[in-house]
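# Observations on chain architecture
Each chain, written out:
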Amino acid sequence: MDRDKTAAQTLPKPQNAITIAVSSRALFNMDREQDIYEQQGMEDYLKYQIQHEIEPFAPGPAFPFIKAVEAVNIRLRELYPDSEELFDVVLMTSNHAHVGLRLINSINHYQLFIERFCMTGGNSLIGYLKAYHANLYLSADSMKVREAIEEGIAAATVFSPGKITCCELSETQLRVAFDGDAVLFSDESEIIYKAHGLDKFYEHEKAHENKPLDHGPLKGFLEALGKLQQKFYAKGQRLDCPIRTYLVTARSAASSGTRALKTLRSWGLETDEALFLAGAPKGPMLEKIRPHIFFDDQMFHVKGAAELGTVAAHVPYGIAQKSQSKTARDVKKDMPE
């Protein structure tokens, strides 16, 4: 669809849309700018941005995900021209407004349909995320993501894959993969495992298999995806649905998978595929799935997925965070994003 024609469409009200807030450093590759900020400071960083404002940024780790989201919107508008149940992408950045022109030029260069910008000039994004009713916040800054999670906002730190796979991702189907515990579900079962070991974990899950787990930070986002899927199903397009979801968990199917599936059913939710890996590495399986994004609470799995070409996102929630060391992004001087 022509971008000018798409732009003529009325933007959905935030309370009706599935709002994806994405930072500039998640959407675009700003490594060069990061180096300037670290080595020369804020003023030289701003000067560089202004001097290069007609040069588009290269795509960043969240770029393929946002492109796939926009492809879903095109299909939704074809089926439901008057509906506001759409994805709405908001560029949410703590950058100074001086950087805005280069961001706008980059968005226009790639023909992205992002009309809502929020440039806070270094102020906290939390109030703005809440005002936009953000269903998901993707950022390259782990501290901002932690702040959002603590405020009850679904959020994740996005990491670039270790090898380029953008050209291998589907352009017609948005694929989103989720870990289970401490992502879709609470960390209740993970606490048992950390404290008492695998055998006690299995016993606990068997004893409680008919008791749904409490929700985790991204349950609401899976629910939002499910609502959009139902709109395609209602038009007889289940087999041609442009959204596909995956549960990719280290749980074993026979010993602890029942509770996970029954929990999803109790919520009225499902994933299109459920992969129980029984402790096997997730990276090789994700390499076959080719999701646009994979959410996990453990950096071990995030790094393993990223090394094999998956755009992986860390959800800093639950008991696992207490044992994980700081990532490089936590300790280095980060520019506004």
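Rules used throughout
Residues numbered from 1 in each chain as written. Predicted model: local features only at pLDDT ≥ 70, side-chain atom pairs only at ≥ 80, totals over all residues. Heavy atoms only, no water. Domains from an automatic or database assignment. Contact = heavy atoms within 4.5 Å. Buried area = accessible area lost by both parts, 1.4 Å probe. Buried < 20%, exposed > 50% of the residue type's maximum accessible area, 1.4 Å probe, protein only. Helix = DSSP H or I, 4+ residues; strand = E, 2+ residues; numbered from the N terminus. Pairing = 2+ DSSP bridges. Right-handed = clockwise from strand over helix to strand, strands pointing away. Axes fitted to C-alpha atoms, helices over the stretch in contact; angles between N-to-C directions.

### Details of the domain arrangement of the protein
Along its sequence, the protein is carved into domain 1 (18–158) and domain 2 (174–324). Averaged C-alpha coordinates put domain 1 and domain 2 at centres separated by 25 Å. Listed as interface residues are 26 residues of domain 1 and, on the opposing side, 26 residues of domain 2. For the pairing of domain 1 and domain 2, the buried interface totals around 2,300 Å² over both sides, and the portion due to carbon and sulfur atoms is 75%.

### Comments concerning the pairing of strand 6 (residues 134–139)
Burial analysis of strand 6 places 5 of its 6 residues in the buried class, which makes it a mostly covered element. By the bridge criterion, 4 bridges tie strand 1 (residues 18–22) to strand 6 in an arrangement that is parallel. By the bridge assignment, valine 22 is partnered in strand 6 with leucine 138. Note that strand 6 and strand 7 (residues 155–159) share 3 bridges and pair parallel. Residue pairing across strands places tyrosine 137 opposite alanine 155, the latter belonging to strand 7. A crossover connection joins strand 6 to the parallel strand 7 through helix 8 (residues 142–150); in handedness this β-α-β unit is right-handed.

### Focus on the sheet that holds strand 11 (residues 293–296)
If you trace the 10 strands from one edge of the open sheet to the other, you get 5-4-1-6-7-12-11-8-9-10, paired in mixed fashion. The sheet is open, and its two edges are formed by strand 5 (116–119) and strand 10 (273–276), each paired on a single side. Direction aside, the axes of adjacent strands within the sheet are offset by 25° on average. When strand 1 meets strand 4 (residues 87–93), the two strands line up parallel, connected through 5 bridges. Directly across from alanine 21, in strand 4, lies its bridge partner valine 90. In this fold helix 12 (residues 253–266) packs onto strand 9 (243–249) and strand 10, with an angle of close to 150° to the strand it touches most, strand 10.

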